[in-house]
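Here are the chains, one letter per residue:
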Amino acid sequence: MRQFVTTALFGLAFAVPVQAASEDDVARLFDAMRVSDVIEIMREEGLGYSETLAEEMLPNGATQTWQDSVSRIYNTEAMEAGLTAEFSEAVKDEDLDSVIAFFESELGRRIVDLEISAREALLDPAVEEASHDNFEQHLQDADPRLDLVTAYIEANDLVDANVVGALNSNFAFLRGLAEAGQNGAAMTESEMLASVWAQEEDVRSETRMWLYSYLLMAYAPLEDDELEAYIEMSESDAGRAMNRGLFEGFDPMFTGISAALGAEIAEIGSGEEL
């Protein structure tokens, strides 16, 4: 995701792109990709996760104080504004015309609708469990659709990029917890890093399961040639630039949220222990 390819002709390394992405380009792309709707779903996912977090780490569980804090932390306007700013900076020298055209096309909009519908459905634990069973069945049947989903995952570097993002978020949570001064949370940075890296194998396994389960469900209505067209777009220079920009935008958003959750756990937990 973060590879940078240089040219053998030194002078061309500093060439100005024919057309760089403008604010209007980013707005058009985010509108076509329904980014606001995606962030709303992420908020719902976060609220659900926070319930589990509170039950595991707070003496009194998910109190009203905790719920109010979480609702403030998962501020969709701030989340979208931060993502837009980071993405815009990451792609400011890129020509995004081809990816904008793809997502504004009939196929592109259909793919976005399928992705969002599937992600909304996965908010239901029963649906998520069924999606895992569906993935396992595809594995047992050696279904050729797995090859296409794998090609899409690899084209977008989804496993490694999501694992890195998850580990960064876990580290940010521990730092937020420690810096807010919760009793027993005074870990050194090296101890935090060791704790986070110890989770890498489990995070990778869970990420792989979630991605395949989600994508197999989302893209089930697509014909093979339609999914192949999506993969081709993802493998293009513009597609890779867009994907890199998205990860560079989402990473600070999630690490900021995780740090805030850690700090809030520390503050509320300390108060409840008094």
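To keep things clear, this report deals only with the structure shown in the data block.

A look at the overall build of the protein chain
Helix and strand counts for the protein chain come out as 13 helices and zero strands. In the protein chain, the order of α-helices and β-strands from amino to carboxyl end is α-α-α-α-α-α-α-α-α-α-α-α-α. Among the 274 residues that make up the protein chain, the fraction classed as buried is 41%. Sequence-distant contacts, at least 24 apart, represent 86% of the contacts inside the protein chain between residues at least 6 apart.

Regarding the pattern of salt bridges
Counting across every chain of the model gives 12 salt bridges. With a closest N to O distance of 2.8 Å, Lys92 and Glu89 form a salt bridge. Ionic pairing is found between Glu179 and Arg175, a salt bridge with its closest N-O pair at 3.2 Å. With Glu179 and Arg175 both in helix α9 (residues 158–179) and four residues apart, the pair spans about one turn of that helix. Here Glu179 falls in the exposed class, since its relative accessible area comes to 59%. Residues joined by salt bridges that share partners form a network here, namely Arg34, Asp37 and Asp113.

As for the packing of helix α8 (residues 145–155) against helix α11 (residues 200–218)
Remark: α8 packs on α11, axes separated minimally by 10 Å, with the N-to-C direction vectors making an angle of 115 degrees. Read as a crossing pair, α8 and α11 show a hand that is right-handed. For the pair formed by α8 and α11, the contact residues are Arg145, Leu146, Val149, Thr150, Tyr152 and Ile153 on the first element and Leu211, Tyr212, Leu215 and Leu216 on the second. The residue inventory of the contact of α8 with α11, partitioned by class, reads eight nonpolar, one polar and one charged.

A short note on the side chain of Ser234
On the secondary structure map, Ser234 appears in helix α12 (residues 224–235). We classify Ser234 as buried; its relative accessible area is 2%. Each residue touching Ser234, except ones within four places of it in the same chain, is listed here: Tyr152, Ala155, Asn156, Gly239 and Arg240.

Re the packing of aromatic side chains
Using the criterion set out here, one finds 10 aromatic pairs in the structure. When the centroid spacing of 5.6 Å and the interplanar angle of 85 degrees are considered together, the rings of Tyr152 and Tyr219 count as edge-to-face. Note that Tyr152 is positioned in helix α8 and Tyr219 in the loop between α11 and α12, a separation of 67 residues in sequence. Considered together, Tyr152 and Tyr219 belong to a single accessibility category, that of buried residues. Taken together, the aromatic side chains of Phe102, Phe103, Tyr152, Tyr219 and Tyr230 make up a single cluster linked through ring pairs.

Quick notes on the environment of Asp95
When you line up the elements, Asp95 lands in the loop between α4 (76–90) and α5 (97–104). In this structure, the C-alpha to C-alpha distance between Asp95 and Gly239, residues 144 residues apart in sequence, is 9.9 Å. Of note is the side chain of Asp95, whose polar atom sits 3.0 Å from the backbone nitrogen of Asp97.

As for the packing of α9 against helix α10 (residues 189–197)
In the contact formed by α9 and α10, the axes pass within 9 Å of each other and the chain directions differ by 140 degrees. Pair α9 / α10 crosses with right-handed handedness. Along the contact surface, α9 presents Leu167, Asn170, Phe171, Leu174, Arg175 and Ala178, while α10 presents Glu189, Met192, Leu193, Ser195, Val196 and Trp197. Considering only residue class, the contact of α9 with α10 consists of eight nonpolar, two polar and two charged.

With respect to the side chain of Arg145
Among the structural elements, Arg145 can be located in helix α8. Polar contacts involving the side chain of Arg145 include one to the main-chain carbonyl oxygen of Tyr219, which spans 2.9 Å.

Some remarks on the environment of Arg34
Residue placement: Arg34 occurs in the loop between α1 (23–32) and α2 (35–57). Measuring from C-alpha to C-alpha, the distance between Arg34 and Val112 comes to 7.3 Å, with 78 residues separating the pair along the chain. In this view, Arg34 contacts Val112, Asp113 and Ile116; residues no more than four positions away in its chain are not counted.

Calculation rules
Residues numbered from 1 in each chain as written. Predicted model: local features only at pLDDT ≥ 70, side-chain atom pairs only at ≥ 80, totals over all residues. Heavy atoms only, no water. Helix = DSSP H or I, 4+ residues; strand = E, 2+ residues; numbered from the N terminus. Buried < 20%, exposed > 50% of the residue type's maximum accessible area, 1.4 Å probe, protein only. Contact = heavy atoms within 4.5 Å. Salt bridge = Lys/Arg side-chain N within 4 Å of Asp/Glu carboxyl O. Axes fitted to C-alpha atoms, helices over the stretch in contact; angles between N-to-C directions. Left-handed = near helix turned anticlockwise from the far one by under 90°. Nonpolar A, V, L, I, M, F, W, Y, C, P; charged D, E, K, R; others polar. Phe/Tyr/Trp six-rings, centres within 6.5 Å; stacked < 30°, edge-to-face > 60°. Polar contact = N/O pair within 3.5 Å; in protein donor to acceptor, adjacent residues only side chain to side chain.

Read these as layout, nothing more, since geometry by itself doesn't imply function.
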